[in-house]
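Take a look at the letters that make up each chain.
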Amino acid sequence: MKKMKRAVVCTSVLVGMLGLVGCSQNESASEGGNSNASQGESKPISIMAVLHTPEVPDKKIQNMIEENTDTTLDIQWVPQNNYEERLNAAFATGTLPQVIYVSGPEMFYEALRDDQFWEIGPYLDEFENLKNLKPDVLSNMEFEGKLYSIYQGRPLSRQGIIYRKDWADELGLEAPTTTDEVYEMLRAFTEDDPDGNGRDDTFGLTDRNELQYGAFKSVASWFGTPNQWGEKDGKITPEFMFDEYKETLDFFRDLHENGYINQDFPVTSKTDQQDLLKTGKAGMYIGSMGDVETLYRDATDLNPDVEFDVHNYVEGPDGEYGIWSIPGYSRMLLFPRSSVETEEELKHILNFYDQMMDPENMNLMTWGVEGEHYEIEDGKAQSIADNQQANDREVKPYLSLEIGEPETTGKYEGLSKYEPKTKATELEKDNEDYLIPDLSVGLVSDTYVQNGDRLQGIIDDATYKYMLGQIDEAGFDSAVDNWLNQGGQDMIDEYTEAYNAQ
């Protein structure tokens, strides 16, 4: 058994965004730290924030943040579905706020090249908290060797298996540690009556219409497929041009042919996917292991005897375990020169974020008010169940403004009394020893910026058709040739040239 080399990675990400306008305070922040201006003289921080909840939040937490940072906030909450459109409009009309949050720099490549955003790398060491942001994550956000952003941190890989432990125990199965054992568990959950009701009414894997965050990419990692882009014959090459990707296709095609996976998974939503596990129709879910607590809570409403467990380490045919990863952040923050006009103003904004990284402020945004929204037990935070509606209304929306991660901010981690959830958190950390690097991290392909989504659609369509048995290997290869001819070869050449230059 071999460990794969540890690496921080990045994936191609869909652009989902929010914007935040920073402050200019009376006292210069040129010396870093937590210098504050008086509230009356400070420039308001206007925020165009993504709203993930049904209602605009109560201002209770906002008022406390303003008091702690000696700042005035003017927050405009924009529903997630409308946010990108609003940001595009602001960019087109030259009315961007002072800080915007983006999933990646792709949308603003040309603007970055044209020096329309501040390079902030040289300033971070001036601030007590900002200088502690993780160097590897910051490196993943660099554009052509320069750092323009700070970030909202996330675990590098939450991916693994959630499965019906009571079914596995009934059939004498242990947690699967190889792809063959995964296949056998899925077969047994389908054919061997795991719920003991004498009916043919269960199947193995529940999946959904998402190749990245559904089951496909995690299984591809087990087979040794690169994470988005890898090196082949001296060129930076997309994952679907590797033999391991085709092995994954065959694995899913076999599952589909034998009925070991929901037959309509290419059109199944995440909600419906999870319902198949909760209702006892399916026995395995491959994705974020942290989902196990919510899945368990809902499942026990229907069946109090249900038992789940989680697992991460699955060796592929080569005897190794690897797992794909996000780049260590969910969103990155950019600072437009059109609205941040001076270096002094930039430093004031960075100083605000430096203050926001203090544990008191991060806990306030994440958990709310101790004793009202959450309690501390064993050094961890636990939301007060009886006040969940207040948490959702008053606290949850402010997660859109967080920065860093528990290791760099000192904020409380969450407490769970459900053992598989605690185990999932530990396995997420264990995954960091087995991350598969994306060799396109930090590289730029103009063809990808212009046509990447359209070209990826060619491959996604062929991937689903192959798994469903609608095309054979020759049909898939034809789709790859189409991808190459419509611009894919240019992407390979551009990434390879950038990689060699780097």
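Residues numbered from 1 in each chain as written. Predicted model: local features only at pLDDT ≥ 70, side-chain atom pairs only at ≥ 80, totals over all residues. Heavy atoms only, no water.

(A) Fine view of unusual backbone geometry. The phi dihedral of D115 falls on the positive side, at around 65 degrees, and the residue is not glycine. Its place among the elements puts D115 in the loop between helix 3 (109–113) and helix 4 (135–140). For D115, a relative accessible area of 45% translates into the label partly exposed. (Helix = DSSP H or I, 4+ residues; strand = E, 2+ residues; numbered from the N terminus. Buried < 20%, exposed > 50% of the residue type's maximum accessible area, 1.4 Å probe, protein only.)

(B) Focus on the sheet that holds strand 11 (residues 282–288). One open sheet holds the four strands; their spatial order is 8-11-7-12, and the pairing between them is mixed. Each edge of the open sheet is held by one strand with a lone partner, namely strand 8 (203–206) and strand 12 (308–311). Put simply, the sheet's adjacent strands are angled 20 degrees from each other on average, direction ignored. Direction of pairing for strand 8 relative to strand 11: parallel, over a ladder of three bridges. (Pairing = 2+ DSSP bridges. Axes fitted to C-alpha atoms, helices over the stretch in contact; angles between N-to-C directions.)

(C) How the structure looks around the packing of helix 8 (residues 243–258) against helix 16 (residues 446–467). Interhelical geometry of helix 8 versus helix 16 gives an angle of 45 degrees and a closest axis separation of 8 Å. Of the possible angle classes, the one that applies to helix 8 and helix 16 is oblique. Taken together, the residues of helix 16 that come into contact with helix 8 (itself represented by Y245, L249, D250, F252, R253 and H256) are I459, T463, Y466 and M467. (Parallel < 35°, antiparallel > 145°, perpendicular 65-115°, else oblique. Contact = heavy atoms within 4.5 Å.)

(D) Broad picture of the environment of P359. Inspection of the secondary structure assignment puts P359 in helix 12 (residues 359–366). A sequence separation of 284 residues divides P359 from I75, and the C-alpha atoms of the two residues are 22 Å apart. Residues contacting P359, with those up to four places away along its chain left out, are T409 and G410.

(E) Geometry of the environment of G469. Take G469: it is sitting in the loop between helix 16 and helix 17 (473–501). Given the relative accessible area of 39%, G469 is considered partly exposed.

(F) Molecular detail of the pairing of strand 7 (residues 159–164). Strand 7 sits mainly inside the fold: six of its six residues count as buried. Pairing analysis gives five bridges linking strand 7 to strand 11, with the strands arranged antiparallel. The residue of strand 11 that forms the bridge with Y163 is M284. Two strands pair when backbone bridges link them, and strand 7 and strand 12 are joined in this way by four bridges, in the antiparallel orientation.

(G) Quick peek at the packing of aromatic side chains. Per the counting criterion, the structure on display carries 28 aromatic pairs. Aromatic pair F216 and Y245: ring centres 5.2 Å apart, planes at 65 degrees, arrangement edge-to-face. Remark: Y245 occurs in helix 8 and F216 occurs in helix 7 (residues 216–222); sequence separation between them is 29 residues. Just as F216 is buried, Y245 falls in that class too. The side chain of R337 reaches across the aromatic face of W118, ending 4.0 Å from its centre. (Phe/Tyr/Trp six-rings, centres within 6.5 Å; stacked < 30°, edge-to-face > 60°. Lys NZ or Arg CZ within 6 Å of the ring centre and 35° of its normal.)

(H) Inspection of the nonpolar core at higher detail. With 62 residues, the main nonpolar core has F117, L130, I150, F335 and Y353 as its most contacted residues. Sequence-distant contacts of F117, that is, excluding residues within four places in its chain, are made with L96, I100, F108, A111, L112, Y148, L334, F335, P336 and R337. Counting residues in hydrophobic clusters, the runner-up holds 57 residues, among them L186, L211, M284 and A479. (Core = buried A, V, L, I, M, F, W, Y, C linked by side-chain atoms within 4.5 Å.)

(I) Here's a closer look at the packing of helix 1 (residues 60–69) against helix 12. At their nearest, the axes of helix 1 and helix 12 sit 10 Å apart, and the two run at 170 degrees to each other. By the angle between their directions, the pair helix 1 and helix 12 is classed as roughly antiparallel. Residues I61, M64, I65, N68 and T69 of helix 1 pack against E360, N361, L364 and M365 of helix 12.

(J) Examining a negative patch on the surface more closely. Together, D243, E247, D250 and D318 give the surface a local cluster of negative charge. One can find E247 in helix 8. Relative accessible area serves as the criterion here: at 33%, E247 is assigned to the partly exposed category. (Patch = residues over 30% accessible without salt bridge, like charges linked within 9 Å, V, L, I, M, F, W, Y side chains within 5 Å. Areas by Shrake-Rupley, 256 points an atom, 1.4 Å probe, with all protein chains shown as cover. Salt bridge = Lys/Arg side-chain N within 4 Å of Asp/Glu carboxyl O. Lys, Arg positive; Asp, Glu negative; His and termini not counted. Charge placed at Lys NZ, Arg CZ, Asp CG, Glu CD.)

(K) Just helix 1, in detail. Among the residues making up helix 1, those that are buried are I61, Q62, I65, E66 and T69. One face of helix 1 carries all of its buried residues, which in axial projection span an arc of 140 degrees. Summarising the contacts, the buried residues of helix 1 are in contact with strand 4 (73–79), helix 11 (343–356), helix 12 and helix 13 (388–394). (Arc of directions from axis to C-beta.)

(L) Spotlight on the confidence of the model for the chain. The predicted model of the chain has a mean per-residue pLDDT of 89, with 92% of residues at 70 or higher. Within the model, pLDDT remains below 50 along residues 1–40, and this stretch shows 171 contacts once partners closer than five positions in the same chain are excluded. (pLDDT = per-residue confidence, 0-100.)

(M) Molecular detail of the pattern of salt bridges. Evaluated as defined, the whole model comprises 27 salt bridges. Across the salt bridge formed by R113 and D446, the nearest N and O atoms sit 3.0 Å from each other. Separated by 333 residues along the polypeptide, R113 in helix 3 and D446 in helix 16 bring together distant segments of the chain. The partly exposed category is assigned to R113, whose relative accessible area is 33%.

(N) Up close: the pairing of strand 9 (residues 229–232). Here strand 9 runs beside strand 10 (residues 235–238); their pairing, made up of four bridges, is antiparallel. Looking across to strand 10, one finds that G230 is bridged to T237. From the end of strand 9 to the start of strand 10, which pair antiparallel, there are two residues, and D233 there has a positive phi angle of about 55 degrees.

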